[in-house]
Amino acid sequence: FALCTNLKSVCLAEGLTRIGYYAFGGCKKLADITIPNSVEYIERYAFSYCRSLTAISIPLSIMRIEDKAFYYYRHNCNERFPYIQATIPSVEAHAFIGCSSLANITIPENVIEIDESSFGKHKRLVIRTTEGSYAEDYAKRKNIAFHYI
């Protein structure tokens, strides 16, 4: 589906386990995607330059989001900010780099690794997490706002 400039909505089939490299990269009008609970991996650049996405619900089944998976996601937005919920054990380098509109991400206590460059320089990002979690420590180190869930 990469570079399908008129693609607006996708509902992926249950049973899919991986969203591949650059699968939806450059789909500039893609606004809505349903990721089934069977998906475990989101590979590099899978949603890069998908500037029309308004929100993504990342299912509990996700084990890995590779680097730059959401590269420049909604980079040119104005007042609309997406909410991404993730329950993954690790977030790789640059996974959300350039996602200037990313406002909230829920990172549960089972996440034990967040690369120092996973989120870049988000001015409005708020990490929602549990007290004493790795995500709380990360937020403090990176001077990112956080709230307890």
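From a predicted model like this one, the values you see are computed outputs, not experimental measurements.

1. Overview of the nonpolar core
- Residues Ile19, Phe24, Ile42, Phe47, Phe70 and Phe96 are the most contacted members of the largest nonpolar core, which totals 38 residues.
- Ranked by the residues each element gives to this core, the list is headed by helix α1 (residues 134-141), at three residues.
- Once you skip the residues sitting within four places of it in the chain, Ile19 turns out to touch Leu12, Phe24, Ile35, Val39, Tyr41, Ile42, Glu43, Ala46 and Phe47.

2. Side note on the packing of aromatic side chains
- Within the structure shown, the criterion is met by nine aromatic pairs.
- Consider the rings of Tyr21 and Tyr45, whose centres lie 5.9 Å apart with planes at 80°: the pair is edge-to-face. Of the two residues, Tyr21 sits in the loop between β2 (18-19) and β3 (32-34) while Tyr45 sits in the loop between β4 (41-42) and β5 (56-57), which places them 24 residues apart along the sequence.
- Here Phe24 and Phe47 contribute two aromatic rings whose centre-to-centre distance is 5.5 Å and whose plane-to-plane angle is 5°, an arrangement assigned as stacked. With a gap of 23 residues between them, Phe24 in the loop between β2 and β3 and Phe47 in the loop between β4 and β5 connect regions that are remote in the sequence.
- Assessed through its relative accessible area of 0%, Phe47 is described here as buried.

3. Quick look at the pairing of strand β11 (residues 126-129)
- Two strands pair when backbone bridges link them, and strand β9 (residues 104-106) and β11 are joined in this way by three bridges, in the parallel orientation. In the sheet register, Ile105 faces β11, and the bridge partner there is Ile127.
- Pairing between β11 and strand β12 (residues 145-148): four bridges, direction parallel. Bridge pairing in β12 links Arg128 to His147.
- After leaving β11, the chain enters α1 and then returns to the sheet as β12, a path that is right-handed.

4. Describing the environment of Ser133
- Examined against the element boundaries, Ser133 turns out to sit in the loop between β11 and α1.
- Taking the C-alpha atoms as reference points, Ser133 and Glu109, 24 residues apart in sequence, are found 5.2 Å from one another.
- Side-chain polar atoms of Ser133 contact the backbone oxygen of Thr130, separated by 2.8 Å.

5. Remarks on the pattern of salt bridges
- Counted by the stated rule, this structure contains six salt bridges.
- Glu92 is paired through a salt bridge with Arg64; the nearest N and O atoms lie 2.4 Å apart. Residue Glu92 is located in the loop between β8 (90-91) and β9, and its partner Arg64 is located in strand β6 (residues 64-65); the two are separated by 28 residues in the primary sequence.
- In this structure, Arg141 engages Glu116 in a salt bridge whose closest nitrogen and oxygen atoms are separated by 2.7 Å. On the criterion of sequence distance, the pair formed by Arg141 in helix α1 and Glu116 in the loop between β10 (113-114) and β11 is long-range, its members being 25 residues apart.
- When salt bridges with common partners are traced through the structure, they connect Arg64, Glu66 and Glu92 into a single cluster.

6. Section: the confidence of the model for the protein
- For the protein, the mean per-residue pLDDT works out to 82, and 87% of the residues sit at or above 70.
- No element of the protein has a lower mean pLDDT than strand β7 (residues 83-85), at 51, and none a higher one than β2, at 96.
- Low pLDDT (under 50) marks residues 75-83, which in the prediction has 26 contacts with non-local residues, meaning those over four places away or in another chain.

7. Things to note about unusual backbone geometry
- Positive phi is not limited to glycine here, since Tyr45 has a value of about 60°.
- In the Ramachandran plot, His94 falls in the positive-phi region, its phi being about 60° despite a non-glycine side chain.

What counts, and where the lines are drawn
Residues numbered from 1 in each chain as written. Predicted model: local features only at pLDDT ≥ 70, side-chain atom pairs only at ≥ 80, totals over all residues. Heavy atoms only, no water. Core = buried A, V, L, I, M, F, W, Y, C linked by side-chain atoms within 4.5 Å. Buried < 20%, exposed > 50% of the residue type's maximum accessible area, 1.4 Å probe, protein only. Helix = DSSP H or I, 4+ residues; strand = E, 2+ residues; numbered from the N terminus. Contact = heavy atoms within 4.5 Å. Phe/Tyr/Trp six-rings, centres within 6.5 Å; stacked < 30°, edge-to-face > 60°. Pairing = 2+ DSSP bridges. Right-handed = clockwise from strand over helix to strand, strands pointing away. Polar contact = N/O pair within 3.5 Å; in protein donor to acceptor, adjacent residues only side chain to side chain. Salt bridge = Lys/Arg side-chain N within 4 Å of Asp/Glu carboxyl O. pLDDT = per-residue confidence, 0-100.

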